[in-house]
Amino acid sequence: MKLEQNQHNPIPPRKKRAAFRGRQDAPANPVLFAAVLTPNRSLNRDKIRLFTTLLGFIFCLGSGVFILAGAWPISGFFCLEFLVLYLAFRACDRQGNVKETVSLGHDILTVERITADGRKTTWQFQPYWLQIGLRQETCSRGYLTLSSRGKSMQLGSFLSLTEQRSLAQALEQALRRP
């Protein structure tokens, strides 16, 4: 009986569902270009914890030596220096959480920025009217801007000039511009 059903129905039921599901889940605006931009991080979160723990231990030892020598006021400065270093590493880690996502479809270019404090901002541009500008400020710093119909935004402010150039070239190529 199963052989007869398979002879009349060349596609098994499982494949039919997968094909139907594929058509149903197909995106209306396929992505032509996608990039996720994040700042360069020299240390990840685990290494920052390890480094600050190691620094805290070293500062405690140094502070203890000065307390035993009778120069106890210096131990306060050790604590202040450690606190400043800890806050600097924490701020650096927090700034590393910034993320920008660029997505280009046939009809729309979407840029989504998530700031260090978690706020999300989204810009949408029509690719037909989009202008990509790269202005070199110094030898290592530039401003990559996207503008269209009176709206403009700076993209990848944390990237180096070389990275901004390659992003601009990739975007122009995706937009099929010379």
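The coordinates are above.
My aim in this report is to walk through the structure given alongside it, one point at a time. (Residues numbered from 1 in each chain as written. Predicted model: local features only at pLDDT ≥ 70, side-chain atom pairs only at ≥ 80, totals over all residues. Heavy atoms only, no water.)

Observations concerning the sheet that holds strand 3 (residues 109-114)
Strand order across the open sheet formed by four strands is 1-2-3-4, with antiparallel pairing between neighbours. Only two strands of the sheet have a single partner each, and these edge strands are strand 1 (33-37) and strand 4 (120-125). Sheet twist, expressed as the mean angle between neighbouring strand axes with direction ignored, is 10°. Bridge count between strand 2 (residues 99-104) and strand 3: six bridges; the pairing is antiparallel. From the neighbouring strand, Leu104 faces strand 3, where its bridge partner is Leu109. Running at roughly 160° to strand 1, helix 5 (residues 161-174) makes contact with strand 1, strand 2 and strand 3 of the sheet. (Pairing = 2+ DSSP bridges. Helix = DSSP H or I, 4+ residues; strand = E, 2+ residues; numbered from the N terminus. Axes fitted to C-alpha atoms, helices over the stretch in contact; angles between N-to-C directions. Contact = heavy atoms within 4.5 Å.)

Here we look at the side chain of Thr52
Tracing the backbone shows Thr52 in helix 3 (residues 45-68). Apart from the residues within four sequence positions on either side, Thr52 is in contact with Phe82, Tyr86 and Phe89.

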